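Observations on chain architecture
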Amino acid sequence: MFKLFILSLYFLIFPKMAFANNSIIVQSTTSTYNSGFYEYILPLIKTDTNIVVHLVSVGTGAALKNAANCDGDVIIVHAKNRELEFVKNGFGVNRQDLMYNDFVIVGPKSNPAKVKITDDPIKVFTKIYNTSSIFISRGDDSGTHLKEMQIWKTSKLDPTKFSGDWYKETGSGMGTTLNLTNGMEAYTLTDRASWINFKNKNNLKIVAEKNQILFNQYGITMVNPLKCPNVKVKNAKIFMSWLLSETGKSSISNFKIKNQQLFFPNRN
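What about the overall build of the protein?
Looking only at helices and strands, the protein features 11 helices and 12 strands. Its C-alpha radius of gyration of 19 Å places the protein within 12% of the 18 Å reference for a compact globule of 268 residues. Across its three principal directions, the C-alpha atoms of the protein cover 55 × 40 × 35 Å. The burial tally for the protein puts 49% of its 268 residues in the buried class. Within the protein, contacts between residues at least 6 apart in sequence are counted, and of these 74% link residues at least 24 apart. Of the roughly 12900 Å² that the protein leaves accessible, carbon and sulfur atoms contribute 54%. Of the side-chain charges in the protein, 32 are positive and 20 negative, and the distance between the mean point of each set is 2 Å.

Here it is, written out as structure tokens:
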């Protein structure tokens, strides 16, 4: 932690000296980070392109806000409508679909809401609501949080009326949220990649999956250099081109944990 503090302090004091000319800053979701995706993919990119990536792992909302404040060269997030709005407002350019996976709803093996694996996400959320079963929300304006709120809205239910009671908001990333979910024997929504890579799941199981509403699209966008003159355009383009190339798509497909493919490339 001390070394990380010193490194962060150095970047604040010497921002122009902190990064090499072959580097970029990528603002990205915690879900891709928690899955181990970057530990796998970034060394491959460095070998092929010599691009060094400095990763900022935050929720989608925070990533977009940071990028709009010119803190970053590329964003990789999963809230397509928000990404398109980001581009429309002039903060980003060349937004592309990158890859997808899906969300799953997980809950305690004791299953107090009496959820059935055949229930669709709307029915699952309705049962959780009607039984006041503990639900742990990211509550952080992340792509996962936005998906969760979309499901509640479609269910015509507002759990935030019970915030702090059975509905609890962590304001944190997926790893912390899953740990609390496991510890409190609660329900939550998570991306499948984070779930597969999550170690502390002894009290939990998947209670809903493989439904269209749980589709999870990731996109990649370059920060607009007209808004942010410090954007390293050349490096950003090389980075994006690699991920969107046949080599990149093959590498994304080959990323597996426990013999399960975590992401599926689908450049538009």
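From this point, the narrative continues.
Concerning the packing of aromatic side chains
One pass over the structure, following the stated rule, counts 20 aromatic pairs. Geometrically, the ring pair formed by Phe 37 and Phe 263 is edge-to-face, given 5.2 Å between the ring centres and 65° between the ring planes. Taken together, the residues Phe 37 in helix H3 (residues 37-49) and Phe 263 in the loop between strand E11 (260-261) and strand E12 (264-265) connect sequence positions 226 residues apart. Neither residue differs from the other here; Phe 37 and Phe 263 are each classed as buried. Judged by centre distance (5.7 Å) and plane angle (85°), the ring pair of Tyr 129 and Trp 166 falls under edge-to-face. You can see Tyr 129 sitting in helix H6 (residues 121-130) and its partner Trp 166 sitting in the loop between helix H7 (143-154) and strand E6 (167-169), a full 37 residues away along the chain.

Points about the pattern of salt bridges
For the structure shown, the criterion picks out 9 salt bridges. With a closest N to O distance of 3.0 Å, Asp 141 and Arg 82 form a salt bridge. Here Asp 141, found in the loop between strand E5 (135-137) and H7, pairs with Arg 82, found in helix H5 (residues 80-88); they are 59 residues apart in sequence, far enough to count as distant. The shortest N-O distance in the salt bridge between Lys 127 and Asp 119 comes to 2.8 Å.

Examining the state of the cysteines
Throughout this description, disulfide means a covalent bond between two cysteine sulfur atoms. All told, the structure shown has 1 disulfide when counted by the stated rule. The disulfide partner of Cys 70 is Cys 228, and the S-S distance across this bridge is 2.1 Å. Its S-S torsion of approximately -75° makes the covalent link between Cys 70 and Cys 228 left-handed. Remark: Cys 228 occurs in the loop between strand E9 (215-223) and helix H10 (233-244) and Cys 70 occurs in the loop between helix H4 (60-68) and strand E3 (74-77); sequence separation between them is 158 residues.

Observations concerning the environment of Asn 202
With respect to the helices and strands, Asn 202 occurs in the loop between helix H9 (192-197) and strand E8 (204-208). In sequence terms Asn 202 and Ala 186 are 16 residues apart; their C-alpha atoms lie 12 Å from each other. Those residues in contact with Asn 202, other than ones at most four positions away along the chain, are Lys 109 and Asn 182. At 3.2 Å, the side chain of Asn 202 and the side chain of Asn 182 are in polar contact.

Considerations on empty space enclosed by the protein
Inspection of the entire model under this criterion finds 1 cavity of 30 Å³ or more. Size it by volume and the largest cavity reaches roughly 30 Å³. As for the largest cavity, its lining consists of Phe 135, Ile 136, Ser 137, Arg 138, Thr 144, Glu 148, Thr 188 and Leu 189. Taken together, the elements giving at least two residues each to the lining of the largest cavity come down to E5, H7 and strand E7 (188-191). Element by element, the count of residues in the lining of the largest cavity is highest for E5, at 3 residues.

Section: the packing of H6 against H7
The geometry of H6 relative to H7 is characterised by a closest axis approach of 9 Å and an angle of 80° between their N-to-C directions. Taken as axis vectors, H6 and H7 run roughly perpendicular relative to one another. Here H6 contributes Pro 121, Ile 122, Phe 125 and Tyr 129 to the contact with H7, which in turn contributes Glu 148, Ile 151, Trp 152 and Thr 154. A breakdown of the residues in the contact of H6 with H7 according to their chemical character gives 6 nonpolar, 1 polar and 1 charged.

Each value, and the rule that gives it
Residues numbered from 1 in each chain as written. Predicted model: local features only at pLDDT ≥ 70, side-chain atom pairs only at ≥ 80, totals over all residues. Heavy atoms only, no water. Helix = DSSP H or I, 4+ residues; strand = E, 2+ residues; numbered from the N terminus. Rg over C-alpha atoms; globule rule 2.2 N^0.38 Å. Buried < 20%, exposed > 50% of the residue type's maximum accessible area, 1.4 Å probe, protein only. Contact = heavy atoms within 4.5 Å. Areas by Shrake-Rupley, 256 points an atom, 1.4 Å probe, with all protein chains shown as cover. Lys, Arg positive; Asp, Glu negative; His and termini not counted. Charge placed at Lys NZ, Arg CZ, Asp CG, Glu CD. Phe/Tyr/Trp six-rings, centres within 6.5 Å; stacked < 30°, edge-to-face > 60°. Salt bridge = Lys/Arg side-chain N within 4 Å of Asp/Glu carboxyl O. Disulfide = S-S within 2.5 Å. Polar contact = N/O pair within 3.5 Å; in protein donor to acceptor, adjacent residues only side chain to side chain. 1 Å grid on protein atoms, 1.4 Å probe; cavity = no way out; pocket = protein on both sides within 12 Å on 5 of 7 lines; lining within 4 Å. Points joined across faces, edges and corners; volume = space filled by probe spheres on them. Axes fitted to C-alpha atoms, helices over the stretch in contact; angles between N-to-C directions. Parallel < 35°, antiparallel > 145°, perpendicular 65-115°, else oblique. Nonpolar A, V, L, I, M, F, W, Y, C, P; charged D, E, K, R; others polar.

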